[in-house]
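Structural overview
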Amino acid sequence: IRFFCSCIQIFSNILNFSRTGSPRLEKADLGEILSRGLEKVKVPEGIEVIVNQDKLPLLDLDPVQIESVLVNIILNGFQAMGEKGSLVINVSEMGNYVNMVIKDSGKGIKEEDKNRLFEPFFSTKARGTGLGLAAAKIIIERHGGSISIDSKPEQGAAVTINLPIAVKI
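Residues numbered from 1 in each chain as written. Predicted model: local features only at pLDDT ≥ 70, side-chain atom pairs only at ≥ 80, totals over all residues. Heavy atoms only, no water.

Evaluated as defined, the whole model comprises one cavity of 30 Å³ or more. There is about 30 Å³ of room inside the largest cavity. Together, Leu-30, Ile-66, Val-69, Leu-70, Met-100, Ile-140, Ile-161 and Leu-163 line the largest cavity. At the level of secondary structure, the elements contributing two or more residues to the lining of the largest cavity comprise helix 3 (63-81) and strand 7 (157-164). A total of three residues in the lining of the largest cavity trace back to one element, the largest contributor, which is helix 3. Taken together, the residues of the lining of the largest cavity break down into eight nonpolar, no polar and no charged. (1 Å grid on protein atoms, 1.4 Å probe; cavity = no way out; pocket = protein on both sides within 12 Å on 5 of 7 lines; lining within 4 Å. Points joined across faces, edges and corners; volume = space filled by probe spheres on them. Helix = DSSP H or I, 4+ residues; strand = E, 2+ residues; numbered from the N terminus. Nonpolar A, V, L, I, M, F, W, Y, C, P; charged D, E, K, R; others polar.)

As structure tokens, then:
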């Protein structure tokens, strides 16, 4: 049964990845999307989540797609930290972009893995499908933004997302 459930999850992830279509843009509050995403995840008991957020302008976003990206990154951070640590999320306006940095205090990313993080089917997790970050990159880029990851072994990882305040598609 466990193998069957794993297969279903893998196929579900592949289908979701293949359906990553064009965003359905609407004026949306990134702070509200982040709050909804945080409500959907169970914060492990030993992990502290800290959100620092400026007053933000409305953005042209697909709230469903952006929320799925944020939930995926937050869950990755929790998994990297194990039973204790902190996840700090800083959100601010920077010029024509809203900048979001999600930093965990986990084990960090090995140097040899850094260049492959956004490749489909690449995962450092035993049960990972390797589709979460690949889909996140596609979604963020389709919104006219960028995503990057900075990490040093044993010093955690910081995911930086920049989304334009006015999307020109």
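Tracing the backbone shows Asn-99 in strand 5 (residues 97-104). When its relative accessible area of 11% is taken as the criterion, Asn-99 is described as buried. At 2.8 Å, the side chain of Asn-99 forms a polar contact with the side chain of Asn-162. Not counting the four nearest positions on each side in its chain, Asn-99 is found in contact with Asn-90, Val-91, Ser-92, Met-94, Thr-160, Ile-161 and Asn-162. (Buried < 20%, exposed > 50% of the residue type's maximum accessible area, 1.4 Å probe, protein only. Polar contact = N/O pair within 3.5 Å; in protein donor to acceptor, adjacent residues only side chain to side chain. Contact = heavy atoms within 4.5 Å.)

Moving on, we come to the sheet that holds strand 2 (residues 47-53). Picture the strands of a sheet paired through backbone hydrogen bonds; they go either parallel or antiparallel. One open sheet holds the five strands; their spatial order is 2-4-5-7-6, and the pairing between them is mixed. Looking at the sheet topology across the chains shown, the edges are occupied by strand 2 and strand 6 (146-151). Looking at each pair of strands side by side, their axes are set apart by 15 degrees on average, direction ignored. Note: strand 5 against strand 7, eight bridges, orientation antiparallel. Its bridge partner lying in strand 7, Asn-99 is registered against Asn-162. Sheet strands in contact with helix 2 (residues 30-40) are strand 2, strand 4 (85-94), strand 5 and strand 7, and its direction is about 170 degrees off that of strand 2. This element, helix 3, spans strand 2, strand 4, strand 5, strand 6 and strand 7 of the sheet and lies at about 145 degrees to strand 4. (Pairing = 2+ DSSP bridges. Axes fitted to C-alpha atoms, helices over the stretch in contact; angles between N-to-C directions.)

These figures come from the coordinates and say nothing about function on their own.
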